[in-house]
Amino acid sequence: MRHLLDILDFSTEELDELIAKACDIIENPDKYAEKCRRKKLATLFFEPSTRTRLSFEAAMYELGGNVIGFSEGRSSSASKGESVSDTIKVVSNYADIIAMRHPKEGAPMVASMVSSIPIINAGDGGHNHPTQTLADLLTIYREKGRFSDLTVGLCGDLKFGRTVHSLINALSRYSGIKFVLISPEELRLPDYVTNNVLIKNSIPYEETTDLLEAMPKLDILYMTRVQRERFFNEQDYIRLKDSYILTPDKLDNAKADLCIMHPLPRVNEISVAVDNDPRACYFKQVLNGKYMRMALILKLLEVE
Ligand code: CP
């Protein structure tokens, strides 16, 4: 039995297979419409979500399966003090696969240790968000046709932004990747990611606070929201929240084929005026996420 806790749980060959499967689903949706008949997905969301939860649910319905679950911890017995382990042992009796989001880093790992069915990490605290990375990879593949030889700018809250941590892990396995890490000093990439991924694997990277200076060299610009829910101090959030606001004029020196990404939700970091730019790919990411989650459910349930 396989789980997806960290994007590195899958080899690059397995990621290629998932992308090929997602592309086949896009081309031939009817072929997959009954693949998960009589199967149930449980969505256990102890933290708010729009895209991840609803795209998992849409994915399972489009595979002919069913969905059970909750969208906030306080509507589950966690509010009465039930542990993650006990919740998972219980839900394992009702469903075939679980997608869970939890504010505590490592909670999906704990779940996987007691579960009799596959666990998917749908985001754990400021740690990882591997299924967002699946959406990101399909977007890069469809927009750029490759994962190698790309200069990737990651901008905003690189400290708490779990999607950034997972994406760096995933892209670091391809050749010719360079990262430009654009953030305020206080929201720099955590040392554990810099040391264990970038330095350990000799991946070229630079750190800067200056988005405009970095812009001309980027093939991908991955904007992120400042993660209000992870701050201990509201004043710090207010001071940092508008550090970067992408507006059309800031793209004047960008490449013509720049791919602008954002895991969403956005708050203020990309002006809505950018949405009309053909380089804006963040709503394509949303749809790609559904297809990759379909491919993932098929893989973990071992459905041919
Ligand atoms: N990208 C993402 O995880 O969005 P949600 O928080 O809405 O699921």
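Model, not experiment: these values are computed from the prediction.

Draft legend 1. Expanded view of the overall build of the chain. Of regular secondary structure, the chain possesses 10 helices and 9 strands. Over its C-alpha atoms the chain spans a radius of gyration of 19 Å, differing by no more than 12% from the 19 Å that the globule rule assigns to 304 residues. When its C-alpha atoms are laid out on the principal axes, the chain stretches across 55 × 45 × 40 Å. Sequence separation of at least 24 residues holds for 74% of the intrachain contacts in the chain that already meet a minimum separation of 6. When the accessible area of the chain is evaluated, it comes to approximately 13200 Å², of which 48% is carbon and sulfur surface.

Draft legend 2. The domain arrangement of the chain, seen in detail. Partitioning the chain into structural domains gives domain 1 (7-128 + 289-300) and domain 2 (130-285). A separation of 25 Å is found between the C-alpha centroids of domain 1 and domain 2. Between domain 1 and domain 2 the total buried area reaches about 2300 Å² when both faces are included, carbon and sulfur atoms providing 62% of it. Inspection of the domain 1/domain 2 interface yields 2 salt bridges. A salt bridge links Arg230 to Glu47; its shortest N-O distance comes to 2.9 Å. The interface formed by domain 1 and domain 2 includes 10 residue pairs in polar contact (both at pLDDT 80 or more). Contributing elements (two or more residues each) for the side of domain 1 that touches domain 2: helix 1 (12-27), helix 2 (51-62), strand 4 (119-124) and helix 10 (282-300). It is helix 1 that contributes the most residues to the side of domain 1 that touches domain 2, 8 residues altogether. Residues belonging to the side of domain 1 that touches domain 2 are distributed by class as follows: 15 nonpolar, 10 polar and 6 charged.

Draft legend 3. Fine view of the environment of Leu138. For Leu138, the position within the fold is in helix 5 (residues 130-144). With residues up to four places along the chain from it excluded, the contact list for Leu138 reads Ile19, Ala22, Cys23, Ile26, Asn288, Tyr291 and Met292.

Draft legend 4. Structural view of the site of the ligand. In the vicinity of the ligand, the residues found are Ser49, Thr50, Arg51, Thr52, Arg101, His129, Gln132, Pro263, Leu264 and Pro265. The separation between a nitrogen atom of the ligand and a polar side-chain atom of Gln132 is 3.0 Å. Within the backbone of Leu264, an N or O atom sits 2.8 Å from a nitrogen atom of the ligand. Contact with the protein chains covers 91% of the free accessible surface of the ligand, which is 260 Å². Taken together, the residues that form the shell around the ligand break down as 3 nonpolar, 5 polar and 2 charged. Taken domain by domain, the makeup of the shell around the ligand includes at least three residues from each of domain 1 (7-128 + 289-300) and domain 2 (130-285).

Draft legend 5. Seen up close, the pairing of strand 2 (residues 66-70). With 5 bridges connecting them, strand 1 (residues 40-45) and strand 2 associate as parallel partners. Each bridged residue has a counterpart across the sheet, and for Thr43 the counterpart in strand 2 is Gly69. Tracing the backbone out of strand 1, into helix 2 and back to the parallel element strand 2 gives a crossover that is right-handed.

Draft legend 6. Quick look at the packing of aromatic side chains. In the structure shown here, the tally under the stated rule is 6 aromatic pairs. Look at Phe46 and Phe70: their rings are 5.2 Å apart centre to centre, the planes differ by 80°, and that puts the pair in the edge-to-face class. Linking Phe46 in the loop between strand 1 and helix 2 with Phe70 in strand 2, this pair joins segments that are 24 residues apart in sequence. By relative accessible area, Phe46 is classed as buried at 16%. We classify Phe70 as buried; its relative accessible area is 14%.

Draft legend 7. How the structure looks around the pattern of salt bridges. Counted under the stated rule, the structure contains 23 salt bridges. Arg53 is paired through a salt bridge with Glu57; the nearest N and O atoms lie 3.3 Å apart. Note that Arg53 and Glu57 are positioned in helix 2 at a spacing of 4 residues, about one turn of the helix. In this structure, Arg53 and Glu57 share a single accessibility class: buried. When the shortest N-O distance is used, the salt bridge between Glu213 and Lys217 registers 3.8 Å. For Glu213, a relative accessible area of 44% puts it in the partly exposed group.

Draft legend 8. Layout of the nonpolar core. In terms of nonpolar packing, the biggest core is built from 59 residues, with Leu154, Ile168, Leu171 and Phe179 touching the most fellow members. The leading source of residues in this core is helix 10, at 8 residues. With residues near it in sequence (within four places) discarded, Leu171 still touches Leu137, Ile140, Phe147, Val152, Ile177 and Phe179.

Reading the values: rules and limits
- Residues numbered from 1 in each chain as written.
- Predicted model: local features only at pLDDT ≥ 70, side-chain atom pairs only at ≥ 80, totals over all residues.
- Heavy atoms only, no water.
- Helix = DSSP H or I, 4+ residues; strand = E, 2+ residues; numbered from the N terminus.
- Rg over C-alpha atoms; globule rule 2.2 N^0.38 Å.
- Contact = heavy atoms within 4.5 Å.
- Areas by Shrake-Rupley, 256 points an atom, 1.4 Å probe, with all protein chains shown as cover.
- Domains from an automatic or database assignment.
- Buried area = accessible area lost by both parts, 1.4 Å probe.
- Salt bridge = Lys/Arg side-chain N within 4 Å of Asp/Glu carboxyl O.
- Polar contact = N/O pair within 3.5 Å; in protein donor to acceptor, adjacent residues only side chain to side chain.
- Nonpolar A, V, L, I, M, F, W, Y, C, P; charged D, E, K, R; others polar.
- Near = heavy atom within 4 Å.
- Pairing = 2+ DSSP bridges.
- Right-handed = clockwise from strand over helix to strand, strands pointing away.
- Phe/Tyr/Trp six-rings, centres within 6.5 Å; stacked < 30°, edge-to-face > 60°.
- Buried < 20%, exposed > 50% of the residue type's maximum accessible area, 1.4 Å probe, protein only.
- Core = buried A, V, L, I, M, F, W, Y, C linked by side-chain atoms within 4.5 Å.

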